Amino acid sequence: MPVGLFRVCLLVITAIVNHPLFFPKENGTVPEHTEEIIQKMKEREESLRLEQLRLEQEIADQEASQKALEKAAVVVEESKEEKVRWDMWTALSMVIFLLIELWRQDFQEGNWQDIGGEEDDMAVLGKAFKGVALPDKAVLASFYEKRILGTTGDMARMREMVEGFADDLLEALRSVCNRDADMEVEDCIGVGSMYENWRVRKPFVCDLIVPFAPPEPYCFRCQSWCSGDSFPPDEQGYGTIKVCRADEDETGCICDKTKLGEDMLCLLHSQVSSTRPSSEMEDLLCFKNTQYLDADQVMKWFQIAVTKAWNRISHKYEFDLSFSLLDSPGALKIKFKSGKSIAFNLTPVVQYENSDVYFISHFPRSSLAADIPSSTHWFLTFAVYERRFIQLVSKTLPANACHVSCLQILSFLHGKQCSLTGPSGLTNYHLKTVLLHLLQARPSQDWAPEKLEARLQDMLKFLEKCLHEKKLYHFFIGNGKVPAELGFPIIFQRAEPLNLFRPFVLRRDIYRKMVDTFHEMLRNMSALINEYTVHIPLAHTNGIRKEPL
């Protein structure tokens, strides 16, 4: 209560004090100042209102831009997700399509062959020719004696002459080369049909391979497609050759992979040995800016070295020597003054580790390495082991066995057919591979001379089956039944089998040509054999039944 009375009294006193009658002079200008203050307040209020509007507009603009950015981010994210989904489906569709195409080409049988008439001929190889019969035993024997044996007698003399000249040429090559800087050339090795005694078509051509090694202190480190690292399918059968120093660790020193400080040195390698100028590696026939041996560089070096060697010894011989084929750098031809000539191939190779498998730079007259991935990829040849296998098996066969005769007859027929219709993807190497498989599969007594007709049929049927399936596996690669006496490297026996017909799976034009050539050879077989066969009395052929294919 006292507090309330106090407040009322204070209010009355304040009203009296502020009354204008008590202070007329001091309060006379109050209304004028009040209007000025009110005007300023209104102006201030207006400016604040405008500022507020401006801020609100800026906030609205920022919110709008933020929403636009968020919306754009959402659209981009959705487009990325959509693109990823689309790319995934596209890739998956392509994979499915390729798998279906490969399956269709490799395993299409039965009712699937009703797609078209042209595909029927390709899928049912040989079924239209089941009535084709081989000439009987007497005709085959006469054909072999007249056409084959009459030409093989010259091979031994030609081999002896070519080998003697090649040894002399390589000896001269060693003398013109710098032993401290050039490659070291070893003795040549004879391979192929001339040294396996089944070459039938002229001109006879000797194939010689020449192993070579780098000068000290360098060495070759070979890596094949089956050595552990992943190689694409189109590089199966190939490998690379790395040029390294002999004292260099196989995995490489850490000084080659890590930048050492200027005040640090590797305790294993000096500064001179750790750096390899590009010119030095090119002198070692490597591909530019790499340590990998270049096949093209090797062939250029070899041609120049052979030319220098021939210039040194040409005065000793009464014939000329020249390179015969531009696409085969090692193809040489001896030209006599009488006009006759002898051709042979001298091809540099690199030995794979301590085996008789070799990396070959070029295949003379062959389509085996027609599509080499690059000049640093070298094809592996097993020609030395193939020759040894035939020699080993021949010791267990009956006298005058027919295995070589079968290959000679088939090679002759195929060569004659190619001369009529043009070359195809089928080569003599494919025919020899068929024989190698049958030599391993059939017992020794099945190769008696009187069974020539039956074994020739076996080879044709086996080849027909391989053409149908588009599968002819390399004899040695992936073959765990290779005789131990050969000393064949186990790494290749454990590798995946190599399909020699793989290049024809997607190249339908070459495959079709190969099939047509095989069909034509079957049609013309009897005519070709009879053309080179002397007349045989009918009495010799009576009672001999012809077995159709």
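Residues numbered from 1 in each chain as written. Predicted model: local features only at pLDDT ≥ 70, side-chain atom pairs only at ≥ 80, totals over all residues. Heavy atoms only, no water.

K.L.:
Help me out: how do you make sense of the packing of aromatic side chains in this one?
P.N.:
Think of a pair of aromatic rings as described by two things: how far the centres are apart, and how the planes are tilted against each other in angle. Enumeration over the complete set of coordinates arrives at 27 aromatic pairs. Both rings, one in Trp310 and one in Phe319, keep their centres 5.9 Å apart while their planes meet at 10 degrees; by these two values the pair is stacked. Its relative accessible area of 11% is what places Trp310 among the buried residues. Clustering of aromatic rings is evident, with ring pairs tying together Trp225, Tyr352, Phe359, Phe382, Tyr385, Phe389, Phe475, Phe476, Phe488 and Phe492. In this structure, Arg159 packs its charged tip against the face of Tyr195, placed 5.8 Å from the ring centre. (Phe/Tyr/Trp six-rings, centres within 6.5 Å; stacked < 30°, edge-to-face > 60°. Buried < 20%, exposed > 50% of the residue type's maximum accessible area, 1.4 Å probe, protein only. Lys NZ or Arg CZ within 6 Å of the ring centre and 35° of its normal.)

K.L.:
Whenever I open this one, the nonpolar core confuses me. Can you help?
P.N.:
Side chains of a nonpolar character, in soluble globular proteins, are inclined to be buried together. The biggest cluster of nonpolar side chains holds 113 residues, and the ones touching the most others in it are Leu169, Leu293, Phe344 and Leu346. In terms of residue count, helix H4 (residues 137-176) provides more of this core than any other element does, 14 residues in total. Formed by 10 residues, the second largest nonpolar core is a distinct cluster that contains Ile209, Val349, Tyr358 and Phe363. (Core = buried A, V, L, I, M, F, W, Y, C linked by side-chain atoms within 4.5 Å. Helix = DSSP H or I, 4+ residues; strand = E, 2+ residues; numbered from the N terminus.)

K.L.:
Sorry if this is basic, but what is going on with the pattern of salt bridges here?
P.N.:
It is possible for side chains bearing opposite charge to pair when their charged atoms get close. Counting across every chain of the model gives 17 salt bridges. A salt bridge links Asp187 to Arg174, with the shortest nitrogen-to-oxygen separation between them at 3.0 Å. Residue Asp187 is found in the loop between strand S1 (184-185) and strand S2 (189-191), and its partner Arg174 is found in helix H4; the two are separated by 13 residues along the sequence. Of the charged contacts in the structure, one is a salt bridge between Glu520 and Arg523, with a shortest N-O distance of 2.7 Å. Remark: Arg523 and Glu520 occur in helix H15 (residues 508-531); sequence separation between them is three residues, near one turn of the helix. Residue Glu520 is classed as partly exposed on the basis of its relative accessible area, which comes to 28%. Under the relative-accessibility criterion, Arg523 is labelled partly exposed at 46%. In the salt-bridge network here, residues are joined through shared partners; they are Arg442, Asp446, Lys451, Arg455 and Asp458. (Salt bridge = Lys/Arg side-chain N within 4 Å of Asp/Glu carboxyl O.)

K.L.:
What am I meant to see in helix H12 (residues 452-469) here?
P.N.:
Think of an α-helix as 3.6 residues a turn; residues three or four steps apart then line up on the same face. With 18 residues, H12 extends 26 Å between its outermost C-alpha atoms, agreeing within 8% with the 26 Å of an ideal straight helix rising 1.5 Å per residue. Within H12 the residues assigned to the buried category are Leu452, Glu453, Arg455, Leu456, Gln457, Asp458, Met459, Leu460, Leu463, Cys466 and Leu467. After H12 finishes, the residue Lys470 shows a positive phi value of roughly 55 degrees. (Expected span 1.5 Å × (residues − 1).)

K.L.:
Explanation requested: the packing of helix H10 (residues 403-421) against helix H11 (residues 428-441) in the structure shown.
P.N.:
Between two packed helices, what matters for the description is the angle formed by their axes and the separation of those axes. The contact between H10 and H11 brings their axes to 10 Å, and the two run at 155 degrees. Our classification of the angle between H10 and H11 gives roughly antiparallel. For the pair H10 and H11, the crossing hand works out as right-handed. Of the residues in H11, those touching H10 at His403, Leu407, Leu410, Ser411 and His414 are Asn428, Leu431, Lys432, Leu435 and Leu439. A per-class count over the contact of H10 with H11 returns five nonpolar, four polar and one charged. (Axes fitted to C-alpha atoms, helices over the stretch in contact; angles between N-to-C directions. Parallel < 35°, antiparallel > 145°, perpendicular 65-115°, else oblique. Left-handed = near helix turned anticlockwise from the far one by under 90°. Contact = heavy atoms within 4.5 Å. Nonpolar A, V, L, I, M, F, W, Y, C, P; charged D, E, K, R; others polar.)

K.L.:
I keep staring at a negative patch on the surface and nothing clicks. Help me out?
P.N.:
On the surface, a cluster of negative charge is made up of Asp180, Glu184, Glu186 and Glu216. If you trace the backbone, Glu216 turns up in the loop between strand S3 (205-213) and strand S4 (218-224). Judged by relative accessible area, Glu216 falls into the exposed class, the value being 70%. (Patch = residues over 30% accessible without salt bridge, like charges linked within 9 Å, V, L, I, M, F, W, Y side chains within 5 Å. Areas by Shrake-Rupley, 256 points an atom, 1.4 Å probe, with all protein chains shown as cover. Lys, Arg positive; Asp, Glu negative; His and termini not counted. Charge placed at Lys NZ, Arg CZ, Asp CG, Glu CD.)

K.L.:
For this particular structure, what's the right way to read the pairing of S4?
P.N.:
Consecutive side chains along a regular strand alternate between the two faces of the sheet. In S4, alternate side chains face the same way, and those of Tyr218, Phe220, Cys222 and Ser224 are buried while those of Cys219, Arg221 and Gln223 on the opposite face are not. When S4 meets strand S5 (residues 238-245), the two strands line up antiparallel, connected through seven bridges. Paired with Tyr218 across the two strands is Arg245, which belongs to S5. (Pairing = 2+ DSSP bridges.)

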